[in-house]
Amino acid sequence: MSAISPSAAKTPESTSGQPLLSVRNLEVEYRTKRGRVKAVDHVSFDISTNEVLGLAGESGCGKSTIAHAVTRILKPPAYITGGQIMFKSTDILGMSDDELRAFRWEHLSIVFQSAMNALNPVLSVGAQIIDAIQAHMPVSKDEARARALELLDVVGIHSNRVDSYPHQLSGGMRQRAVIAIALALNPEMIIMDEPTTALDVVVQKQIIQEIRQLKDKFGFSILFITHDLSLLVEFSDRIGIMYAGELAEIGPSREIFDNPQHPYTVRLMNSFPTISGPRIELKGIPGSPPDLVTPPSGCRFHPRCDVAIAGRCQEEHPELQQTSPRHFAACHLIDERKGNS
Amino acid sequence: MRFLFRRLTFYIVAAFAAITLNFFIPRMMVGDPVQLMFAQFQGRLDPRAMESLKETFGFVQGPLLQQYITYLTNLFQGNFGLSVSSFPVPVIELIGPSLAWTVRLIGFSTILAFIIGTILGVFAAWRRGGGIDNIFLPIASVVGAFPFFWIAMVVLYLFGLVWKWFPIGHAYDVSMQVDWGNPTFLSSVVQHSLMPLCTIIITAIGGWMLGMRNNMIGVLSQDYVTMAQAKGLSDRRVMLVYAARNAILPSLTGFAMSLGFVVGGALVVELVFAYPGMGYTLLRAVQGRDYPLMQAVFLVITLAVLAANFAADIMYVLLDPRAR
Amino acid sequence: MGQEKQIRMTTALEPAKTTRSEPRLALPGWMRTILGNRKATIGLLILLMFLLVAIFAPVIAPGEPNKMVGRPHERPSAEHIFGTSRQGQDIFTQIVQGTRSSLIVGFGTGTIIIFLCIIIGVTSGFVGGVVDEVLSLITNVFLILPGLPLIIVVAGWVEQPGPATVMLVLSLTSWAFGARVLRSQTLVLRNSDFVAAARTSGEPTWRIVLFEILPNMTSLVASSWIGAVIFVILTEATLSFVGLGNPNAVTWGTTLYWAQNNQALLTGAWWTFVPPGVCIALIGFALTMINYGIDEITNPRLTVEKSEKE
Ligand SMILES: Nc1ncnc2c1ncn2[C@@H]1O[C@H](COP(=O)(O)OP(=O)(O)OP(=O)(O)O)[C@@H](O)[C@H]1O
Ligand SMILES: [Mg+2]
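Rules used throughout
Per chain, the residues get numbers from 1 upward, laid out in the order the sequence is written. As they are written, the chains are lettered A onward and the ligands numbered 1 onward, keeping that order. Side-chain atom pairs in this predicted model are given and counted only at pLDDT of 80 or more, local residue features only at pLDDT of at least 70, and totals for whole chains, interfaces and linings cover all residues. Based on all heavy atoms of the structure, the side-chain values leave hydrogens and waters out of the count. In this text, near means that some heavy atom of the residue lies within 4 Å of the molecule or strand in question. The term polar contact refers here to a pair of N or O atoms within 3.5 Å; inside protein, the definition further demands a hydrogen-donor-capable atom paired with an acceptor-capable atom, and it admits residues adjacent in sequence only when both atoms are side-chain atoms. Computed with the Shrake-Rupley method and a 1.4 Å probe, the accessible areas treat only the protein chains shown as cover for residues. Counting from the N terminus, the helices are the DSSP runs of H or I reaching at least four residues and the strands are the DSSP runs of E reaching at least two. The residue classification treats Ala, Val, Leu, Ile, Met, Phe, Trp, Tyr, Cys and Pro as nonpolar and Asp, Glu, Lys and Arg as charged. All others, Gly included, are polar. Delimitation of the domains relies on an automatic or database domain assignment. We call two residues in contact when some of their heavy atoms are within 4.5 Å. Two parts placed together each lose some accessible area under a 1.4 Å probe, and the buried area is that loss summed for both. Salt bridges are counted wherever a side-chain nitrogen of Lys or Arg sits within 4 Å of a carboxyl oxygen of Asp or Glu. For Na, K and Ca the donor cut-off is 3.2 Å, while for other metals it is 2.8 Å, and in both cases only N, O and S atoms qualify; water is not among them, so sites may look incomplete. Expected span of a helix, by definition, is 1.5 Å for each gap between consecutive residues, and there is one gap fewer than residues. Working definition: with a 1.4 Å probe on protein chains only, accessible area under 20% of the residue-type maximum means buried, over 50% means exposed, and in between means partly exposed. Taking the helix axis as origin, the arc is that swept by the directions to the C-beta atoms. Buriedness for pockets is judged along seven lines, at least five of which must meet protein on both sides within 12 Å for an open set on the 1 Å grid over protein atoms alone, while cavities are sets there where a 1.4 Å probe fits but cannot get out, and lining residues have an atom within 4 Å of a point. Grid points are joined across faces, edges and corners, and a volume is the space filled by probe spheres set on the points.

Residues and elements named next belong to chain A. Inspection of the region around ligand 1 gives 14 residues, with Ser59, Gly60, Ser64, Thr65 and Gln113 positioned closest. One of the side-chain nitrogen or oxygen atoms of Thr65 is found 2.4 Å away from an oxygen atom of ligand 1. Glu194 is positioned with one of its side-chain polar atoms (N or O) 3.1 Å from an oxygen atom of ligand 1. Considering ligand 1 on its own, with 640 Å² of exposed area, one finds that the protein chains cover 68% of that surface. Sorting elements by how many residues they give to the shell around ligand 1 places helix α1 (residues 63-70) first, with 3 residues. Looking at side-chain class alone, the shell around ligand 1 contains 4 nonpolar, 8 polar and 2 charged residues.

And the structure:
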């Protein structure tokens, strides 16, 4: 098996057939006074129809930045400096403003990290669904409103809440309302950026359950972002692990769970309790994520890695390499193991 | 409604504070205020005027509390006393017409300045670093550094005296009869008001604009604005319904402080243009030591400012469901 | 009021390009920080110029400012570079010597005001409870009462207001905005970890306020102080202009007062009112720049986005 360079044609693919979303060598940077923060560095992945790809990693590793780059809602000081994002056969990065306006929400929508901030405080929930519908479809206000009521019902909000303002709803209901807005035009794909982080565990579980049902019902794909690895293992088909702006490992959930290849994945796994399992092993990861203005040389994880290979990991940057048909990881240890076996 | 009720209670307290200040200010002066008044008007004032003056301010025999009650009673009966400089005309009669001129001039120009400034602020923030941002902001900063009355002097000098575009002094051509049905009279009123009007607008616009611009910049980075854009809404809708509608709320909250400042400046602008409004009357009253008139003008201005603030609060409630 | 406007105006004007190469002088740290900011440096330079003029006034423009030294309303010339007033007084001498009183009244009153703000605002925020409610109510009332009319009325009761009276009246009526700003900052600090720590270790209140709270709001106090000075300079000029100052004193405001009263506008003697207005504006501009600078230094977020453009 050969290590694949990011530019090579062969990249971590999902299933056979054409992917719905395909991200290649994405690079995003924030231009700040301190210098350029490389928040996303040569990231590639695919998502196919009706698939859930989970993205996990510590705070600040660039998860939201990827989500915003794919939807092209990044604003200065963030700049996409390289790569390609294809949705079916259209190039998202090449779209004009008008094309984007028509494309987004109809094909691809996003659920923001914080539901409170994603809702306009001075408009009723209903109005915020209705204007999304009317922006894309030539329907009357009444028709749009009927659809809004339907959507609220789908996400489990009683229709008499349609004229409520965000501050009148509970945290869970707000999150459901945001999901309803994302569903408004029946998109093929929804990006969900930590849709349940601010909620308590019970509500969190309910909402995850509902998202799963909605997915089965409407058949959209999900790019699901979270800190919570155990949640991902249950919920997603495949998982990507990010570290310091790079993809450290990507592969089918079970495989990542049973046979993690990257030391960071192993650590991350140990630092979270599993939903089903006993809540005991709670080791944090020692050290802190690197400063992305001046990332460490070689493997970005080496300063925190206790199995780093002296010399090599400081010097040489590991590329993603295949360890099983759909499993890729970027770690020099894989070579070592291969050499030993 | 709770919000409006709370604000109203506060305005009543504030009005009461102004009334009480009015009572105590003369009493806090070094020396005896009655003596001071006597000294001021020695030989110029007939004894009846002196008596009425004392009564207006509650300078009756008796303890302070009783004086205060007398003063309040007078006030609530609408008895602001008699003018000293135009004795024995009741102060109220002098205030009436000048209040009308002021409400028209300052009210109109302040509202206009608020609207124009807010709109400019919205666009400046929307196209940050664009035309409005680069042209109006520096101008506003420079104008804002000058005293309001000085801008008024320059406007009067250039447009009134050097280029003679507009008539100077007073609110209308004094050779005319006041007749609001007469188009010539109306046009004279408009012509006389243009210079003070523009001065107040020029001086007040900058503050509103900068405030609104900075609020907008804050709101534009909110997720709900980004999501509105992602939903595919038109720029117009995002800018107005999602961004501006939220950004204007702090402006309305800050209305109180800014309004006091703007009104203060506008009153002195009246003096420069000899516009017969409250500011002109107040300053004439001060120069003529017409204490009852001075006090009454202050109270009326205060009440007007409080009323304007209450109007801003009502606007706030209409725009922000959280305050309902 | 005035101060509020200044503080809100923060992000205006051109982006600040902080010079990276800092002067290698043995300056104290805070001074080097300030000189590293372009706006603050411009403001300080203008202010320094006025300070020098104030200090060396008798050297720069010797002579009695109210003495008749020429014909009435002479145009600016080599002899009288700002011309003369209706009374034949030299305007340049008036402006130069007026700098002194304007600066003294401005900075003196600004200082009194900031002390009132600290006392009222910090007490209100730190003590809390009923004390806070009462003080906040008083603050809010003073905020909403129209300041200038109130000042005019108070000054109107004084027979012949001298500089001291004007300073007193301005101090007593203009503290509310700063007090409110400092109160909210105190509230934030009061709930911070280090104050909680100091409290549990049993430090006396006055020590906490003096050594934990105040040092942590230096920049806010500084910008409120500068805001107050701007407000006072403007308002003092306004009061003199409307005739509530001592008409025989020499300030920028009285020069404007005489210009207005002597029909300088009607006779076209623009030189009598342009210089004092420009001086007031320049001082206001300089102080505002310093405030912007302070704001940018303490709040770097304001400049981040403008830093590195393509
Ligand atoms: N506006 C910005 N200016 C400068 N740097 C930024 C900005 N926004 C994000 N960053 C940097 O980009 C990196 C990635 O941020 P991002 O928000 O994508 O992280 P995240 O993985 O979503 O974290 P979290 O789990 O906390 O949401 C971080 O290191 C962050 O410091
Ligand atoms: Mg995030």
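Here we take up the domain arrangement of chain A. Residue and element names in this part refer to chain A. The domain architecture assigned to chain A consists of domain 1 (8-107 + 187-340) and domain 2 (117-186). Contact with domain 1, which involves 19 residues of that partner, is made by 15 residues of domain 2. Buried area between domain 1 and domain 2, both sides added, is near 1,400 Å², and the carbon and sulfur share of it is 66%. The interface formed by domain 1 and domain 2 includes 1 salt bridge. Of the charged contacts, one joins Glu210 and Arg176 as a salt bridge, the two residues approaching to 3.0 Å between their closest N and O atoms. The leading source of residues in the side of domain 1 that touches domain 2 is helix α7 (residues 201-218), at 8 residues. Within the side of domain 1 that touches domain 2, the residues separate by chemical class into 12 nonpolar, 1 polar and 6 charged.

Accessible area lost during the coming together of the parts is what is often quoted as the interface size. Contact with chain B, which involves 24 residues of that partner, is made by 23 residues of chain A. With both chains or domains summed, chain B and chain A bury close to 2,200 Å², and 59% of this area falls on carbon and sulfur atoms. Summed over the shared surface of chain B and chain A, the result is 3 salt bridges. Taken together, chain B and chain A are joined by 12 residue pairs in polar contact (both at pLDDT 80 or more). Contributing elements (two or more residues each) for the side of chain B that touches chain A: α9 (223-231) and α10 (235-253) of chain B.

Attention now moves to the coordination of the magnesium ion (ligand 2). Only Ser64 of chain A (OG) and Gln113 of chain A (OE1) from the protein coordinate the magnesium ion (ligand 2), and they sit 1.8 to 2.4 Å from it. Here Ser64 of chain A, found in helix α1, pairs with Gln113 of chain A, found in the loop between β6 (108-111) and α3 (115-118); they are 49 residues apart in sequence, far enough to count as distant.

All right, on to helix α3 (residues 38-55) of chain C then. Residue and element names in this part refer to chain C. With 18 residues, α3 should reach 26 Å at 1.5 Å per residue; the first-to-last C-alpha distance of 26 Å fits that figure. Among all positions of α3, only Lys39, Ala40, Gly43, Ile46, Leu47, Phe50 and Ala54 are buried. Mapping the buried residues of α3 onto a view down its axis gives an arc of 135 degrees, with all of them on the same face. Facing away from the buried side of α3 by more than 90 degrees, the exposed set consists of Leu45 and Ile55.

The full count for this structure, using the stated rule, is 10 cavities of 30 Å³ or more. What the largest cavity holds in volume is close to 230 Å³. If you go around the largest cavity, you meet 16 residues; those closest to its centre are Phe261 and Gly265 of chain B together with Leu148, Thr235 and Thr238 of chain C. Among the secondary structure elements, those contributing two or more residues to the lining of the largest cavity are α7 (148-162) and α11 (255-272) of chain B together with α7 (147-157) and α12 (218-241) of chain C. Ranked by residues supplied to the lining of the largest cavity, first place goes to α11 of chain B with 5 residues. Grouping the constituent residues of the lining of the largest cavity by class yields 10 nonpolar, 6 polar and no charged.

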